[in-house]
Amino acid sequence: MASITTTASVETAKALLAGNGRPDQTALDFATRLRRARLGIIVALTAVVMIFVSYSSAYVVRQGLPTLDPRTGTLVRDWLPLQLPNFLLVNTLVLLISTLTMELARRQAFRAAVATGKESSPAQSIDTDGMPWLALTAILGLSFLAGQWLVWRELAASGFYVSTSPSSSFFYLLTGMHGIHLFGGIIALLAAGAASILRKSAASRAVVLDATAWYWHFMTVLWVYILCLLEFAR
Amino acid sequence: MATGEFAAHAVHAHAAPTSWIRKYVFSLDHKVIGIQYFFLALTAVFVGMFLSLLMRIHLIWPAAALPLLGEIKPETYLTLLTMHGTIMVFFVLTTAPQGGFGNYFLPIQIGAPDMAFPVLNMLSFWVTALAFFVMIAAFFVVGGAPLHGWTGYPPLSALPSAGPGEGLGADLWVISIALFCLGALMSALNFITTTLDMRARGMTLMRMPLTCWAWFITAILGLLAFGVLLSAGILLLLDRNAGTSFFVPLVTINGQLTGHKGGSPLLWQHLFWFFGHPEVYIAILPAMGLCSQLLSVFSRKPIFGYKAMVYAMLSIGFLGFMVWGHHMFMSGMSPYTAFAFSVMTMAIGVPSAIKTFNWLGTIWRGHIRFTSPMLFALGFVSLFISGGISGPFLAQPVLDIPLHDTYFVVGHFHLIMGVASIFGIFGATYYWFPKMFGRMMSEGMARWHFFITLIGTYAIFMPMHYLGMAGHLRRYSQLTELNYLHGLVPLQTFMTYAAFITIAGQFIFLFNLFWSMKFGKKAADNPWEATTLEWTTATPPPHDNFGGHIPVVYNGPYEYSVPGAPRDFVMQTDPATVKAH
């Protein structure tokens, strides 16, 4: 199993670096589809990186800006440091576990795809192996989002709304944008889970799960980055 | 995109769609999507042109009551220029060359049966179309369309009470831009993956036509730039609707505090121009690639310095991300920072000059065929030079201080970004129309169109440089109440008459386009005797582009007048490989 993933990535790299076109485009074998999906997800994640790069720079710039107090006519700081709710650590743990179950789901799907051959095969041959991991990942993902919602509620209860201070604006912004992106990953998981209902082959499911796994792992790393930004650049 | 990819293969491996809706509306075929983008841009360009006509009329006859519209008020003038700029930049200059011709011809030119992710491709078009409808809807809501300019500077753009049109109209404007960014990102993802992964056997990167290189680099720029604009747009929406203060400082409107404080309008400018400057190259790079293609084909000569052209485009794209500050010299920027941005900006003159000299080298002593696409390619080079040469002027902070926000800037960017790109689009239309619609466009009408447009646009935009040097600021809706502008009114009048004629000329193009679809001469498979892959397939190309097989490529894209060859061009698929010469 591991050898297949490695072979595919080595082949991807070789093909891209050599600058040679692909031999046959019409018969989309498993390796081709996998390579294309991975390339696509990497490019897509580049765009996501740019979004969060701009927010990070806006965060740092906005943090350093004073504002005019109209009563005294002096420049004051309006950035109120946020005490991050401890519950965020629970959420982080949930997301870290989900990235493990995601990886397990991905490996199971690969095993199923290899067992049914590299060619696309009829839908009924889809193995239900890996489905529990997939379902668990989706549930953990949804729990993470629910946990973030609780954190928002807690912040609001302590008087920090979206517009209270730039620090709270950025908190809601960064967690919200990350949540929206993670929700996209959950949709992709559901699509992979519905593969047999949608009459897709085991190979199709493996390709979708592989791309989603890359995306999911990235979302975990991104979350850890956001948490560090919020904690250490208060 | 994981789901898009998922569905894509299942559909594309199958036969061509038969139902009308799947074939022409929600089509997965990159060729149909390309034509959809083209017609979206065509609609947008006529809307944008009509708005500019109203502006020109208002400048000369400020009190004139127009049929249906009545008198144009100063704030309406600002609305017109905002919507003109936004529609032209996003829905014409970004949409037509990349979404339109790129979608149609990138897969064919690299020998692929379709884009990498066809469902995503369809989605990106419909999101872009939705963005256009939302943008147009801004005209019809309470307060009308926004008046904050296409750059949308806060606090004007962030405060609903800042003026008419800044309420719901401005919200729709921001939402439309955000949707457009989403569409552009999906499209860029498709272009990059397709170029890297779907080239036919033998189509090495350095055998790609320069058009493909241009689309590829443009897609990379789009991928990096539109995400930044999207995030800035989201911040602006929050400032407008959630009471945050990312961009809005402590301001009062009519003596009332707005409730915002501490935000930075400059933050928006940085984010906007980090997108905004690469956007200029997103608009012009496809036209550069196309111009290279056309000059080579119609001079019957290989492109001069193929590799230099590729590296020049790459370095223009790279440098394009480091010069956004030159739009902000007047924002209180430190002179040292301004100096760095200035040097970077002028450095772009080097790859630009390489490209220009290579174009001249390509046509030098060629057997030139003055067809309509060739005329537009030559027009592009002319506009690229005359519009580009004022760039190094504006790149210098010392000169930018008096020229900033004057008509000099308007003249500069209209010539190079606006009209030069449009000439690329026209050239592409005349060149590829036979392949897309199976008939030739009328050469006679095309020539009239070319000369009217070339002379007309120079007549409109050249005088703007003089206006700017005379201190005429842009965005002024009336000239009558400012004494120092009186002497410039005759020039403005001349420009308005030139605009009438130029706009009339565009209807020749429109008529030619639709007339030729029905009554044009039947086109052969390779009417221009060009070498690239789109001319090896049927006209119009079948659903899978090459009719059940994938071509194999043996040659570079510009093998013209090869010594010893039987004809004066060698197709890329010709197995008699051409030795380097």
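1. What to know about the interface of chain B and chain A
On the side of chain A, 47 residues touch chain B, which itself brings 49 residues to the contact. The set of elements that each furnish at least two residues to the side of chain B that touches chain A consists of helix H1 (2-12), helix H6 (168-197), helix H7 (210-241) and helix H8 (265-299) of chain B. If you tally residues by element for the side of chain B that touches chain A, the top one is H7(B), at nine residues. Tallied by class, the residues present in the side of chain B that touches chain A amount to 31 nonpolar, 13 polar and five charged.

2. So, unusual backbone geometry
All names here are of chain B. The residue after Pro154, namely Pro155, is reached through a cis peptide bond having omega 5°. Mapped onto the fold, Pro155 is located in the loop between helix H5 (118-137) and H6. Backbone torsion omega between Thr539 and Pro540 reads -15°, so that peptide bond is classified as cis. Checked against the element boundaries, Pro540 lands in the segment after helix H17 (489-519). In this structure, Arg365 is a non-glycine residue whose phi angle is positive, near 55°. Among the structural elements, Arg365 can be located in the loop between helix H11 (349-363) and helix H12 (372-388).

3. Here's the deal with the domain arrangement of chain B
All names here are of chain B. Along its sequence, chain B is organised into domain 1 (1-251), domain 2 (285-519) and domain 3 (527-581). Measuring from the centre of the C-alpha atoms in domain 2 to the corresponding centre in domain 3 gives 31 Å. If you look at the interface, domain 2 gives 14 residues, while domain 3 gives eleven residues. Of all the secondary-structure elements, those providing two or more residues to the side of domain 2 that touches domain 3 are H8 and helix H15 (407-437). The biggest single contributor to the side of domain 2 that touches domain 3 is H15, with five residues. Tallied by class, residues from the side of domain 2 that touches domain 3 come to nine nonpolar, two polar and three charged.

4. Focus: the pairing of strand E2 (residues 74-77) of chain A
Pairing of strand E1 (residues 66-69) of chain A with E2(A), which is carried by four bridges, proceeds in the antiparallel orientation. Following the sheet pairing, Leu68(A) is matched in E2(A) by Leu75(A).

Conventions and cut-offs
- Residues numbered from 1 in each chain as written.
- Chains lettered and ligands numbered in written order.
- Predicted model: local features only at pLDDT ≥ 70, side-chain atom pairs only at ≥ 80, totals over all residues.
- Contact = placed C-beta atoms within 7 Å.
- Helix = DSSP H or I, 4+ residues; strand = E, 2+ residues; numbered from the N terminus.
- Nonpolar A, V, L, I, M, F, W, Y, C, P; charged D, E, K, R; others polar.
- Domains from an automatic or database assignment.
- Pairing = 2+ DSSP bridges.

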